[in-house]
Amino acid sequence: MRIDIITIFPELLKSPFGHSIIKRAQEKGHVEIHFHNLRDYATNKHKSVDDYAFGGEAGMVMMIEPIDRAITALKEERNYDEIIYTSPDGIKYNQKEANKLATLKNIIILCGHYKGIDQRIRDHIITKEISIGDYVLTGGELAAAVIINGLVRIIPGVISDETSALTDSFQDDLLAPPVYTRPSEYKGWKVPDILLSGNFKEIDKWKEDQSYKRTKCLRPDLLDEQE
Ligand code: ADE
């Protein structure tokens, strides 16, 4: 998979992709992540990418031309399955959306700033708008990092124990069961006996039950969605 990110702050974005699983996914060739500085596509000598809003609205708006030039240049090189704009107005990012995006070959993510982008880009160029939650960030870079982190880890082969990604919270609209490691007792706090029993059929049953109970207690809305 190839991900092209268009941003005015490429440096801000590099660190989240330079560590751990996401770094290894790139080294192993599962994903390529490319950064494009929007200012490189600005047309005036000040390299400006924003301008005043028509109609007297407060705040600056990201201009149409640099964004169109950046996206056109990328589209001349390859076809894209989605051109995503990170925005609080978008569909709420969740595990199902991450699963869907993880199957795609090429995507562009445009990170918004200021008051937003000229509406004509949304009307004519963007194919999907994604929000990471009902709050407003100063820019779309952190949202892009969250979206990419969520989808890269489920690309087949990225996590060596593939079942590990499949048993994540949310994969079946249930939260994951609790997990424990050694020591089996600490300050008198014990690991549930069943996990030490070696009876894997019963352990699986226990995990399912715990998933359900946890979801019912912490996120009952997920169970409502299933009904
Ligand atoms: N840009 C600003 N806030 C955002 C949010 N909540 N999700 C995605 N992009 C954003």
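Peer 1: Kindly report on the pattern of salt bridges, identifying the contributing residues and their values.
Peer 2: Counted under the stated rule, the structure contains 16 salt bridges. Across the salt bridge formed by Glu129 and Arg122, the nearest N and O atoms sit 2.8 Å from each other. Judged by relative accessible area, Arg122 falls into the buried class, the value being 17%. Here Arg219 makes a salt bridge to Asp221, at a shortest N to O gap of 2.8 Å.

Peer 1: Outline the sheet that holds strand E1 (residues 2–7), supporting the account with residue identities and numerical values.
Peer 2: Reading across the sheet, the 5 strands line up as E2-E1-E6-E5-E7 and stay open at both edges, with parallel pairing between neighbours. Since the sheet does not close on itself, it has two edges, and those belong to strand E2 (32–37) and strand E7 (128–131), each with one partner. Going across the sheet, the axis of each strand differs from the next one's by a mean of 30°, ignoring polarity. Most of the contacts of helix H6 (residues 141–152) go to strand E6 (residues 106–111), to which it runs at about 155°, and overall it touches E1, E2, strand E5 (82–92), E6 and E7.

Peer 1: Residue-level account of unusual backbone geometry, with values.
Peer 2: Most peptide bonds adopt trans geometry, and most residues besides glycine take a negative phi value. A cis amide bond links Arg182 to the next residue, Pro183, at an omega of 5°. Turning to its location among the elements, Pro183 is positioned in the loop between helix H7 (162–166) and strand E8 (185–186). Residue Tyr114 is not a glycine yet carries a positive backbone phi of 55°. Considering the arrangement of structural elements, one finds Tyr114 in the loop between E6 and helix H5 (119–124). Judged by relative accessible area, Tyr114 falls into the partly exposed class, the value being 39%.

Peer 1: Report on the pairing of E6, specifying residues and quantitative values.
Peer 2: Extensive coverage of E6 is indicated by the burial of 6 of its 6 residues. On E6, burial covers both faces: Asn106, Ile108 and Leu110 on one face and Ile107, Ile109 and Cys111 on the other are all buried. Where E1 lies against E6, 5 bridges are found, and the strand directions are parallel. Following the sheet pairing, Ile3 is matched in E6 by Ile107. Where E5 meets E6, 5 bridges bridge the pair, whose relative direction is parallel. Within E6, the position partnered with Glu82 by the bridge is Ile107. Read from E5 through helix H4 (residues 95–101) to E6, the crossover connection turns out right-handed.

Reading the values: rules and limits
Residues numbered from 1 in each chain as written. Predicted model: local features only at pLDDT ≥ 70, side-chain atom pairs only at ≥ 80, totals over all residues. Heavy atoms only, no water. Salt bridge = Lys/Arg side-chain N within 4 Å of Asp/Glu carboxyl O. Buried < 20%, exposed > 50% of the residue type's maximum accessible area, 1.4 Å probe, protein only. Pairing = 2+ DSSP bridges. Helix = DSSP H or I, 4+ residues; strand = E, 2+ residues; numbered from the N terminus. Axes fitted to C-alpha atoms, helices over the stretch in contact; angles between N-to-C directions. Contact = heavy atoms within 4.5 Å. Right-handed = clockwise from strand over helix to strand, strands pointing away.

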